[in-house]
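# Coordinate analysis (summary)
This is what each chain is made of:
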Amino acid sequence: MPTTPSNPLPLTPRSPLALLLLLLVATVIVPAKVHGHPGAVADGRATCGSEYSTPETAYTIPDIREAWYIRRVATCTQPAFWTRFDITKEQNDDGQGQKVYIAVISPQIDRFEDDLQFHGIWYGPGLTTDADNGLADVPNDDELPPGITNQAESLGGLGAGYLTSPATFDSCDFVDTSPVMDKWSDVIDGRCMEEFPFGEDFTDALQQDSTVYSWWLYSFNHRAVEPGTYYLQTWLTSRDDTTKTAQGKYEITLGPWSWGGYASDSTLSLAQSQGTSCACAVNAWDYREDYLERLGELPVEFEIAQLPGGSCAVTAGTDADSTEPSSPCETIPQKQYMTDGSSVEWSGLFNLQPDRTYEWTFRAYYQGTNATAAGEPYGYPDPGMFVLLVPADDVGSVSTVANDILTRVVEEEEDDPTTIVAEGETLEINTPTFIEFTDPLDAVSTTVLITPTSDEDAEVTVAVFTQHVPSEFMAHALRDAESGEYVFPTTPTLYVDKTAPAEPVVATDDNPPAREEDVDPDNCAAEGGRSQSCGATNPDRPPTCCVGLICAEGAGVRCVAGPPTATS
């Protein structure tokens, strides 16, 4: 579906089909300029793992009278995704309830081609089996995949109906009943697809001047029955075996049958505040696995390692060598910064083999058409970053000391690092080090090396502490230089400012919201980002916050949402 991701990392809970989640109402499609309803997660990101995986933690749609999309990465360990919304409209004189449109697409990725089937159980007051409403009988629990159960009773006896993909995808008839989405459905090479172009002035520079394709999985104009709270539980299976869940990616659109405007700023802010800290699908191309050259020539093998395809079909009695696909796509726990002014934003534990060389690659991103025209098509969020590697069995046993060391070094050496490694050089264990990224005009990535040693021929565990979040640079995995295998961290942790201010952040004469006339939209700090106007000393940081944002003091000075305007 049409997408409009916005803010950069870090992954904070403020921040479809992020940090993290962006929801917006879709615009009317006009010939002069293509628009689309923005995503529930900033930067085209997706949710995954334990977040939004139960009725109690369901993602809340602020206003179902507007169109929203949200993306999901389904894994064998966390197959279910839950959303919820409130219906306020009473039935009309003909007994018809409020209109609710549900649609699902999946990005065009070779290993998932025609292998995924969408399923859902829609819960709500008065819902029942109704073919005219697109709802079938909910399968018995013993017919549902492991990890999926009918929750109607636990939800207070709500009604429920089952929905799933059509039997075939060789026609777009199931989509063309939508007065909006029929403009974005065509049979391409015998398969119902969505083709969507992003213009040269698209909001997200990373996606400017590109065209993306997705497989349609579901589309239906439903109706609610009675006012109240409704839930939607969704999951994926393979087409061949619907009794087992499958790993894959999908995007759900929820809203009215047709729409023609955006959500208000206050509603958007409410939606985005729910956030995501999914370890993968950290930007639009990481989710779509397309235009990977724009992510510093990211190899497709990295994406396959993040989310192998296949059915989660391993059961007792199968071949002992059979294993269901696994994935490091999980919800990363978020903790308060370890100390006031801490310079550590991320930590993780890597299990490595001694005397082998591991590559740690940091990638520059495509900066958009304007930057390309100016001769600077690629760039890093930062010119480099400080890291500290410590041998340890677990992160917690060394975190206090590591935080103290790295924070002190950043404070003392940020403008003039003592220990620097650059492309092709090796990081030393137990030595705080600044990784200097290669000028993106010379190369769009920087690779440094890690070579753990051990007196015993045994696995080496290394705790890694970083000044910035590695996924900002698509650097959240190491690569074995000999085998090519990717190694993802165990127990990753994000460190964020989780303390609530004593009073709401407000604009003042000394801290006014950034005004449109004072802001360069191509060079401003988005929500959660750091700007020079807020006190950032790095000259490569944007000079100001983006429009409407103000400065907030914390562990690092960042831009945050200002108070609602009179028109919000």
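These lines cover the structure that appears in this document, whether it is placed above or below. None of the values given here were measured: they were computed from a predicted structure. (Residues numbered from 1 in each chain as written. Predicted model: local features only at pLDDT ≥ 70, side-chain atom pairs only at ≥ 80, totals over all residues. Heavy atoms only, no water.)

## Description of unusual backbone geometry
The bulk of non-glycine residues show a negative phi, and the bulk of peptide bonds are trans. The backbone of Asp189 sits at a positive phi, close to 55°, despite the residue not being glycine. Among the secondary structure elements, Asp189 is positioned in the loop between β8 (186-188) and β9 (191-198). Of the residues examined, Asp189 reaches a relative accessible area of 82% and is grouped as exposed. The backbone of Thr491 sits at a positive phi, close to 45°, despite the residue not being glycine. For Thr491, the position within the fold is in strand β25 (residues 490-496). (Helix = DSSP H or I, 4+ residues; strand = E, 2+ residues; numbered from the N terminus. Buried < 20%, exposed > 50% of the residue type's maximum accessible area, 1.4 Å probe, protein only.)

## Focus: the pairing of strand β21 (residues 445-450)
In terms of burial, β21 is largely enclosed, as six of its six residues are buried. Alternating positions in β21 separate into two faces, Ser445, Thr447 and Leu449 on one and Thr446, Val448 and Ile450 on the other, with burial throughout. Relative to β21, strand β15 (residues 358-363) runs antiparallel, the two sharing six bridges. Each bridged residue has a counterpart across the sheet, and for Trp360 the counterpart in β21 is Val448. (Pairing = 2+ DSSP bridges.)

## Some details on the nonpolar core
Taken as a class, soluble globular proteins show a tendency for nonpolar side chains to be buried jointly. Within the largest apolar cluster, 105 residues are counted, with the highest numbers of intra-cluster contacts made by Trp122, Trp216, Trp360, Phe362, Leu427 and Ile435. Ranked by the residues each element gives to this core, the list is headed by strand β5 (residues 99-107), at six residues. Judged by nonpolar contacts, the second largest core, of 17 residues, contains Phe386, Val398, Ala402 and Phe434. (Core = buried A, V, L, I, M, F, W, Y, C linked by side-chain atoms within 4.5 Å.)

## Thoughts on the sheet that holds β9
Across the sheet, seven strands lie side by side as β1-β3-β12-β5-β10-β9-β8; this open sheet has mixed pairing. Each edge of the open sheet is held by one strand with a lone partner, namely β1 (47-48) and β8. Bridge count between β1 and strand β3 (residues 68-74): two bridges; the pairing is parallel. Residue Cys48 lies in a different strand from β3, and its bridge partner there is Val73.

## Here's the deal with the packing of aromatic side chains
This structure, assessed with the given rule, holds 23 aromatic pairs. Summarising the aromatic geometry, the rings of Trp82 and Tyr231 are spaced 6.2 Å apart at their centres and angled 75° between planes, so their arrangement reads as edge-to-face. Placement of Trp82 in strand β4 (residues 81-87) and of Tyr231 in strand β11 (residues 228-238) is noted, with a sequence separation of 149 residues between them. On the accessibility criterion, Tyr231 (12% relative accessible area) is buried. Joined through ring pairs, the aromatic side chains of Trp360, Phe362, Tyr380, Phe437 and Phe473 make up one cluster. Of note, Arg191 hangs over the ring of Phe169, and the distance from its end group to the ring centre comes to 3.9 Å. (Phe/Tyr/Trp six-rings, centres within 6.5 Å; stacked < 30°, edge-to-face > 60°. Lys NZ or Arg CZ within 6 Å of the ring centre and 35° of its normal.)

## What about helix α5 (residues 399-413)?
Between its first and last C-alpha atoms α5 spans 21 Å; for 15 residues at 1.5 Å apiece the expected length is 21 Å, and the two agree. Buried within α5 are the following residues: Ser399, Ala402, Asn403, Leu406, Thr407, Val409, Val410 and Glu413. Burial along α5 is one-sided: seen end-on, the buried residues are contained in an arc of 165°. The exposed set on the far side of α5, more than 90 degrees from its buried face, consists of Thr400, Val401, Glu411 and Glu412. (Expected span 1.5 Å × (residues − 1). Arc of directions from axis to C-beta.)

## Comments concerning the state of the cysteines
Scanning all chains against the criterion turns up five disulfides. For Cys76, the disulfide goes to Cys312, at an S-S distance of 2.0 Å. Residues Cys76 and Cys312 are joined by a disulfide whose S-S torsion is about -90°; by sign, that bridge is left-handed. Of this pair, Cys76 sits in the loop between β3 and β4 while Cys312 is found in the loop between α3 (300-306) and β13 (334-336), placing the two residues 236 residues apart along the sequence. Residue class for Cys76 comes out buried when judged on its relative accessible area of 13%. (Disulfide = S-S within 2.5 Å.)

## With respect to a negative patch on the surface
A cluster of acidic side chains, namely Asp170, Asp173, Asp176, Asp186 and Glu195, defines a negative patch on the protein surface. By secondary structure assignment, the location of Asp173 is in the loop between β7 (159-164) and β8. (Patch = residues over 30% accessible without salt bridge, like charges linked within 9 Å, V, L, I, M, F, W, Y side chains within 5 Å. Areas by Shrake-Rupley, 256 points an atom, 1.4 Å probe, with all protein chains shown as cover. Salt bridge = Lys/Arg side-chain N within 4 Å of Asp/Glu carboxyl O. Lys, Arg positive; Asp, Glu negative; His and termini not counted. Charge placed at Lys NZ, Arg CZ, Asp CG, Glu CD.)

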